[in-house]
Amino acid sequence: MKKLGFTIQLLVLCSLTGVSKAYAEQENPWQAKSIESAENEASLTITPSICVVKAKGELCQQILTVLFQNNKRHNICIYNVQNAEPLWCDREVNMVSLKLDVKTSSSITLIAKDSNHNTILATSTFRLSTFKPAETRKRRNYGIGIL
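Criteria and cut-off values
- Residues numbered from 1 in each chain as written.
- Predicted model: local features only at pLDDT ≥ 70, side-chain atom pairs only at ≥ 80, totals over all residues.
- Heavy atoms only, no water.
- Helix = DSSP H or I, 4+ residues; strand = E, 2+ residues; numbered from the N terminus.
- Buried < 20%, exposed > 50% of the residue type's maximum accessible area, 1.4 Å probe, protein only.
- Contact = heavy atoms within 4.5 Å.
- Areas by Shrake-Rupley, 256 points an atom, 1.4 Å probe, with all protein chains shown as cover.
- Core = buried A, V, L, I, M, F, W, Y, C linked by side-chain atoms within 4.5 Å.
- Phe/Tyr/Trp six-rings, centres within 6.5 Å; stacked < 30°, edge-to-face > 60°.
- Lys NZ or Arg CZ within 6 Å of the ring centre and 35° of its normal.

A few points about the overall build of the protein chain
Link 1 in the chain: Secondary structure summary: the protein chain contains two helices and six strands in total.
Link 2 in the chain: Secondary structure elements of the protein chain, listed N to C terminal, follow the sequence α-α-β-β-β-β-β-β.
Link 3 in the chain: Taking all 147 residues of the protein chain together, the buried fraction comes to 20%.
Link 4 in the chain: Contacts in the protein chain between residues far apart in sequence, at least 24 positions, make up 61% of those at least 6 positions apart.
Link 5 in the chain: As presented, the protein chain carries roughly 12100 Å² of accessible surface, and 54% of it is formed by carbon and sulfur atoms.

Structure, rendered in structure tokens:
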């Protein structure tokens, strides 16, 4: 009987050791990124990022500020996903701020591409949303006498 208990304890210990090794090999999302990967990250920011319309299908007219930032210089072009032609292009740029006048009835996705290597550096979306009023609480008509 003692040998059976010892064997079970040994099996449990081995399985826990294996699980702990597998857990230790997982990538930690809270761990700081390496310097190389942080240097290569580009960002494309659209402000404001959302437009609210009263009914579906209405046009949203908005002036957008598009900001591209990167630590390295690139020959970039900014595209609207729906169009093949670029909205804007420039050479050897690491920071750009653009103003775009937009009239749209759907969401817009912008892409910043490196024109030399034809690689996507960053993407961002300007979303179109329909207004949905919050449900109001029904009045219960309780008089003051309830207190």
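Digging into the nonpolar core
Link 1 in the chain: Within the largest apolar cluster, 20 residues are counted, with the highest numbers of intra-cluster contacts made by Leu44, Val66, Phe68, Ile78, Val96, Leu110 and Phe126.
Link 2 in the chain: Residue assignment for this core shows that the elements contributing at least two residues are β1 (43–47), β2 (50–53), β3 (60–80), β4 (86–104), β5 (108–114) and β6 (119–130).
Link 3 in the chain: The biggest single contributor to this core is β3, with six residues.
Link 4 in the chain: Setting aside residues up to four positions removed in sequence, valine 96 forms contacts with Val66, Leu67, Phe68, Ile76 and Trp88.

Some remarks on the packing of aromatic side chains
Link 1 in the chain: The final tally for this structure, using the stated rule, is zero aromatic pairs.
Link 2 in the chain: If you follow lysine 113 out to its NZ or CZ, it ends over the ring of tyrosine 79, 5.4 Å from the centre.

Looking at unusual backbone geometry
Link 1 in the chain: Cis peptide bonds are those with omega within 30 degrees of zero, and the linkage from threonine 47 to proline 48 qualifies with -10°.
Link 2 in the chain: Examined against the element boundaries, proline 48 turns out to sit in the loop between β1 and β2.
Link 3 in the chain: Located in the positive-phi region is glutamate 92, a residue other than glycine, with phi close to 50°.
Link 4 in the chain: Structurally, glutamate 92 is set in strand β4.
Link 5 in the chain: The exposure class of glutamate 92 is partly exposed, given its relative accessible area of 45%.

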